[in-house]
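Now for the letters of each chain:
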Amino acid sequence: MKLNINTTTQPAKRVFFSKNMFSSYGTIIAGIGIILIFSLLSPASFATLDNFINITRQISFLVIIAIGATIVMSVNEFDLSIGAMASLGGVIAAKMAASGLPLILCLLVPIVTGLGIGFITGSIISKFKVLSFVTTLAMGTILGGFTFWFTGGSTIFENIPDSFKYIGTTNAAGIPLLSLIMLVLVFVFWFVMSQMSLGRRFYAIGGNEKASQVSGINIAMYKNIAFALSGMLAALTGALLASRLGSAHPTGGDGFFLNAYAAVFLGMTVIKSGVPNIMGTLFGAAIIGIMANGLTILEIPTFMQNVITGSIIIAALIIQKLGRDS
Amino acid sequence: MNLLTIEKLTKQFGGNTALNSIDLVIRPGEIHSLIGENGAGKSTLIKMITGVYQPSSGNIAWEGQTVQINSPKEAQNLGINVIHQDRQLVSYFTGLENLFLNHPYPKKKAWFGIDWKAMKREAQTLQEKWGMNLPLHLPVSAFAPAERTLLEILRTMMSESKLLILDEPTASLTDKESELLFSFIERLKLQGVAIIYISHRLEEVIRLSDRVTVLTGGKLTATLEQEQLSKELLISKMTGGQEIERKKQPQTNRKNNEALLKVRNLRTKDQTVSNVSFHLKKGEILGVYGLAGSGRTECMEAIYGLRKLESGTIWYQNQEITNASPQKSLGNGMVLIPENRHGDALIMKNTIRENMTLPILKSVTKHGIVQRNIEITKVQEEMKRFQLKAIHEDQPVSELSGGNQQKVVFAKGLLSNPDIYLCDEPTQAVDVMTRLEIHLFLKDQALQGKGIIYVSSDLHEILEVSDRVVVFSEGKTVAELDNAELQPNDILDICYRLQKEAL
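Residues numbered from 1 in each chain as written. Chains lettered and ligands numbered in written order. Predicted model: local features only at pLDDT ≥ 70, side-chain atom pairs only at ≥ 80, totals over all residues. Heavy atoms only, no water.

Q: Please clarify how the interface of chain B and chain A should be interpreted in this entry.
A: In many analyses, interface size is given as the accessible surface area lost on bringing the parts together. Counting residues at the interface gives 45 residues for chain B and 36 residues for chain A. For the pair chain B and chain A, the summed buried area comes to about 3,200 Å², and 54% of that belongs to carbon and sulfur atoms. The interface formed by chain B and chain A contains two salt bridges. With a closest N to O distance of 3.5 Å, Lys210(A) and Asp344(B) form a salt bridge. (Contact = heavy atoms within 4.5 Å. Buried area = accessible area lost by both parts, 1.4 Å probe. Salt bridge = Lys/Arg side-chain N within 4 Å of Asp/Glu carboxyl O.)

Have a look at this one:
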């Protein structure tokens, strides 16, 4: 229901064909293009239902950790400690599993740990008004050190019961549990960010912190919540990865950090206003996952994969910038 | 031959005329002051002379030749330099490095290294020529404010400068430092450099100027010769010389005379507000006037809870407020319409709906979920009430005109159903119609028993809307006047007299 209100002078026009559209659909078109190219080059191994399901499981870790990054970026901050947090979450889960604790605790303890540490990080940033970029980098270093101390620097794999591997390896009706967990989390956080007042306040702070403050929003509290959620999701990612692998390495989650932000930035190019958003992040992670999957099937060496993936991200950013400047 | 001749210069922004057909002549070696209230068009005029803005119509001639100045760089090439109110210096560079900021460093021929000795020599010659003795080896952060100003002036003398524009150069200087600057300005004049001097301080203007040009509301009111100058004359010219039209009907409802808000001896931590006391009654519009830098905005922010207090008390309906914060203020029924609309009031890329309901999000939320239907109904009601010119409620506010953006700000304020409006320059950069609508809206709110604080640097506007006027100067409230027979001169007299005493 749109209401036309007193349009006596020239109303602002909605432009239907412009570079703006390109910024909204450019990434999507590129995504479809990538799928088409891989399907043509390798119809027998890439373009199969099995491989598609496989991809959803492969990207589930990246999607979950990137949801956290999306939330922190929605309040216009960065959390660079998510990789280290995932590593920590993984070793906590594996260590607990190895000492025979039930699966539910092995997931719950890392989640609560991530939530708590994230909240502390957020409090430092909002209370002392220090840069999140540097603070979370330092926090990541602290967590990394702690993880090494905790593990003695070695991989935890002995005495891990099969029950712990249940979540990471089971399929329900042909669909991996990991993929289902990912979909549920995507839906939940999409709902929070787009339909709830919490998300509205996050975006308001990210859009204009001062105006949000004037409008009576408790900036510090909402930033703390954002960092807590990010820490929680990162730690959960690590725990799920440990369950998938049946082991945990003290730097096992570190590699997610850059890809998570790549996914968020790709996702920001999907919608016109260019803000971090959950569905966009899912899409961005999917592109990164599909690229990795397809290039591996085509037996492209890893170093070349990195070059191609990096180039695609830069291209998407440029397209978005061109669209927004118009 | 005249150095600079300006003929029929006009500048329009959208539908607003910022400068209307200005004729002005600057002679070589004269000190020509430019005075006028805030918003009279001084800075617009300067920006056209220095190539920041292009005139909408009219003619600029430099040394007899018609010129088009397309950029500040082109203005500098002609020999026009401006010293802005805020310093254009790199504070951790030394004075020497800052001096050469716009100039190529002298190089040693052999290996392209910087020839520091040549730099020092050049700087020393320049200092001697202009009779300065600045500690150029120190970083600028160690310079006194006056030294920074002098360094900037010296820098403009690195190239041949024929016209120097000084924008409020004494604003941050002490009395002694100002004297130092004045003696230097006299020296520049003797060397044949023309100076356009902009200041609120009329004593300085009278003392220094060969001629004074007065701007009022974008028009040139008068250009006066040195022997004519007097403070009374300048003030009367600045206020347009005429008495403003008084609307005799009672503007607002003040029968109750109950104090809604009282502040006493307010002092902020940053000292921008040092001693403010006033009260706001139910059903009145209280005008707040002060020259730039008088602490008006800062005081509003302190009352609203955006700026930390050092001492002083705020009572809201006889209840003392401690640790004020925007959340508390909104809860108490107080809204702030900030001066900086883009920076402090609106989230530009968000929609009208998202902006309007931000402070009242709780009231349209059930179990944490935003009830979009309720929200849209509320927003559409306000859009109708304020006759907002927009396509629909989901249009980003960045696409609206300035006036309509300000309406969104007011609608947002009204939605939280306040008893007190703190309006800081609410009609800044809005069109005439919207300005009128905002006045009518506020008068109507006052009639309903709300209290309104109306900060404006437009004296005529203050007198037009206010029941009473509080005058700010140097962070203090210095007068509280009943606006029955007030004239612009009365208020300006107070401002300028106090400024002189402060010097």
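Q: Help me out: how do you make sense of the sheet that holds strand S2 (residues 16–26) of chain B in this one?
A: By definition, the strands of a sheet pair up through backbone hydrogen bonds, in either a parallel or an antiparallel sense. Residues and elements named next belong to chain B. Ordered in space as S2-S1-S4-S5, the four strands form an open sheet in which the pairing is antiparallel. The sheet terminates laterally at S2 and strand S5 (65–66), the two strands that pair on one side only. Here five bridges tie strand S1 (residues 4–13) to strand S4 (residues 57–62), and the two strands are oriented antiparallel to one another. Along S4, the bridge assignment pairs isoleucine 6 with isoleucine 60. (Pairing = 2+ DSSP bridges. Helix = DSSP H or I, 4+ residues; strand = E, 2+ residues; numbered from the N terminus.)

Q: Got a minute to help me understand the confidence of the model for chain B in this structure?
A: Fine structural detail should not be taken from predicted coordinates in areas where pLDDT scores are low. Residues and elements named next belong to chain B. A residue-level look at chain B finds 94% of positions with pLDDT of 70 or above and a mean pLDDT of 86. Averaged over each element, pLDDT in chain B is lowest for helix H17 (residues 488–502) (73) and highest for strand S16 (residues 334–337) (96). When the criterion is pLDDT under 50, residues 242–250 qualifies, and its contacts beyond four places in sequence or with other chains add up to 11 contacts. (pLDDT = per-residue confidence, 0-100.)

Q: How should the sheet that holds strand S12 (residues 276–281) of chain B be read in this particular structure?
A: Residues and elements named next belong to chain B. Sheet architecture is open: four strands sit in the order S12-S11-S14-S15, paired in antiparallel fashion. The open sheet terminates on both sides in strands that have one partner only, identified here as S12 and strand S15 (319–321). For this sheet the average axis-to-axis angle between neighbouring strands, irrespective of direction, equals 15°. Judged from the five bridges that link them, strand S11 (residues 259–268) and S12 form a sheet pairing that is antiparallel. Its bridge partner lying in S12, leucine 261 is registered against leucine 280. Contacting S11, S12 and strand S14 (309–316), helix H9 (residues 296–304) runs over the sheet at an angle of about 115° to S11. (Axes fitted to C-alpha atoms, helices over the stretch in contact; angles between N-to-C directions.)

Q: Help me understand the UniProt feature "transmembrane region" (unreviewed entry) in chain A in this model?
A: Residue and element names in this part refer to chain A. When the UniProt feature table is mapped onto this chain numbering, "transmembrane region" (unreviewed entry) sits at residues 25–47, 59–76, 96–118, 130–152, 172–192, 225–243 and 303–319. Secondary structure content for residues 59–76 is 89% helix and 0% strand, and the end C-alpha separation is 25 Å. Between the C-alpha atoms that bound residues 172–192 there is a distance of 26 Å. The span itself is 76% helix and 14% strand. (UniProt positions renumbered as here; feature names shortened; annotations may be inferred.)

Q: What is the right way to read the environment of Val276(B) from this model?
A: Residues and elements named next belong to chain B. Among the secondary structure elements, valine 276 is positioned in strand S12. Relative accessible area serves as the criterion here: at 0%, valine 276 is assigned to the buried category. For the pair valine 276 and glutamate 258, spaced 18 residues apart in sequence, the C-alpha separation works out to 20 Å. The residues contacting valine 276, other than those within four sequence positions of it, are Val263, Arg264, Asn265, Leu266, Cys299, Phe472, Gly475, Lys476 and Thr477. (Buried < 20%, exposed > 50% of the residue type's maximum accessible area, 1.4 Å probe, protein only.)

Q: Can you walk me through the domain arrangement of chain B in this structure?
A: Residue and element names in this part refer to chain B. Taken as a whole, chain B is organised into domain 1 (4–238), domain 2 (244–333 + 418–503) and domain 3 (343–417). Between the C-alpha centres of domain 2 and domain 3 the distance comes to 26 Å. At the interface, 18 residues of domain 2 touch 13 residues of domain 3. Buried area between domain 2 and domain 3, both sides added, is near 1,000 Å², and the carbon and sulfur share of it is 66%. (Domains from an automatic or database assignment.)

Q: Just to check I follow, could you spell out the pairing of S11(B) for this structure?
A: If a strand is regular, its side chains alternate between the two faces of the sheet. Alignment of S11(B) against S14(B), held across six bridges, turns out to be antiparallel. From the neighbouring strand, Val263(B) faces S14(B), where its bridge partner is Ile314(B).

Q: Would you explain the pattern of salt bridges in this entry?
A: Side-chain pairs of opposite charge can arise where the charged atoms are in close proximity. Here the structure, examined in full by the defined rule, presents 22 salt bridges over all chains. The salt bridge involving Lys189(B) is made with Asp210(B); its shortest N-O contact spans 2.9 Å. Here Lys189(B) is found in helix H6 (residues 175–190), whereas its partner Asp210(B) is found in the loop between helix H7 (202–208) and strand S9 (211–216), with 21 residues between them in sequence. On the basis of relative accessibility, which here comes to 17%, the residue Asp210(B) falls in the buried class. One continuous salt-bridge network, built from bridges that share partners, spans Arg200(A), Arg353(B), Glu375(B) and Asp394(B).

Q: Is there a simple way to explain a positive patch on the surface in this structure?
A: Together, Lys127(A), Lys129(A), Lys269(B) and Lys308(B) make up a region of like positive charge exposed at the surface. Secondary-structure assignment places Lys308(B) in the loop between H9 and S14. (Patch = residues over 30% accessible without salt bridge, like charges linked within 9 Å, V, L, I, M, F, W, Y side chains within 5 Å. Areas by Shrake-Rupley, 256 points an atom, 1.4 Å probe, with all protein chains shown as cover. Lys, Arg positive; Asp, Glu negative; His and termini not counted. Charge placed at Lys NZ, Arg CZ, Asp CG, Glu CD.)

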